[in-house]
Amino acid sequence: MTLDPHEFMRRFLLHVLPSGFHRIRHYGLIANAARRELLARARTLLRVVPTTIEAQPPDAPAVNLQPTFVCPHCGAAMNVIETFARGQPIRAPPPWRAAA
């Protein structure tokens, strides 16, 4: 699609928030509360074939997947054996105070 520069800027600026506003990602298809159910329903309505390993039947031939983590020294696939929970919840930085 080819657009006139003015039309492109108009469409692009529809996605820019005014100064002081924050993007809210708590609503819609990818809202964390119902993400799994809503995405599954959207895939069903769009007739998308699932591509996850769990969705394939157990007797299906194994697909040669690239490993997610690779050792930088020997190039072998690394397996995740443990994950650590975050120690402290993320907070906003403390307010700046002027020196007296």
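About the criteria used
- Residues numbered from 1 in each chain as written.
- Predicted model: local features only at pLDDT ≥ 70, side-chain atom pairs only at ≥ 80, totals over all residues.
- Heavy atoms only, no water.
- Helix = DSSP H or I, 4+ residues; strand = E, 2+ residues; numbered from the N terminus.
- Buried < 20%, exposed > 50% of the residue type's maximum accessible area, 1.4 Å probe, protein only.
- Salt bridge = Lys/Arg side-chain N within 4 Å of Asp/Glu carboxyl O.

### Focus: the overall build of the protein
Of regular secondary structure, the protein possesses two helices and zero strands. Relative to its full complement of 100 residues, the protein shows a buried share of 2%.

### A look at the pattern of salt bridges
Summed over the entire model, instances satisfying the criterion amount to two salt bridges. Two residues, glutamate 7 and arginine 10, come together in a salt bridge whose shortest N-O distance is 2.9 Å. Pair noted here: glutamate 7 and arginine 10 are both in helix 1 (residues 5-13), with a separation of three residues, about one helical turn. Here glutamate 7 falls in the partly exposed class, since its relative accessible area comes to 23%. When its relative accessible area of 46% is taken as the criterion, arginine 10 is described as partly exposed. Here glutamate 7 and arginine 11 are joined by a salt bridge, their closest N and O atoms 2.8 Å apart. Placement of the pair is glutamate 7 and arginine 11 together in helix 1, with a separation of four residues, close to one helical turn. Overall, the relative accessible area of 36% leaves arginine 11 in the partly exposed class. The structure contains a network of salt bridges with shared partners spanning Glu7, Arg10 and Arg11.

### Quick notes on unusual backbone geometry
One non-glycine residue, arginine 47, lies in positive phi territory at about 55 degrees. Considering the arrangement of structural elements, one finds arginine 47 in the segment after helix 2 (35-46).

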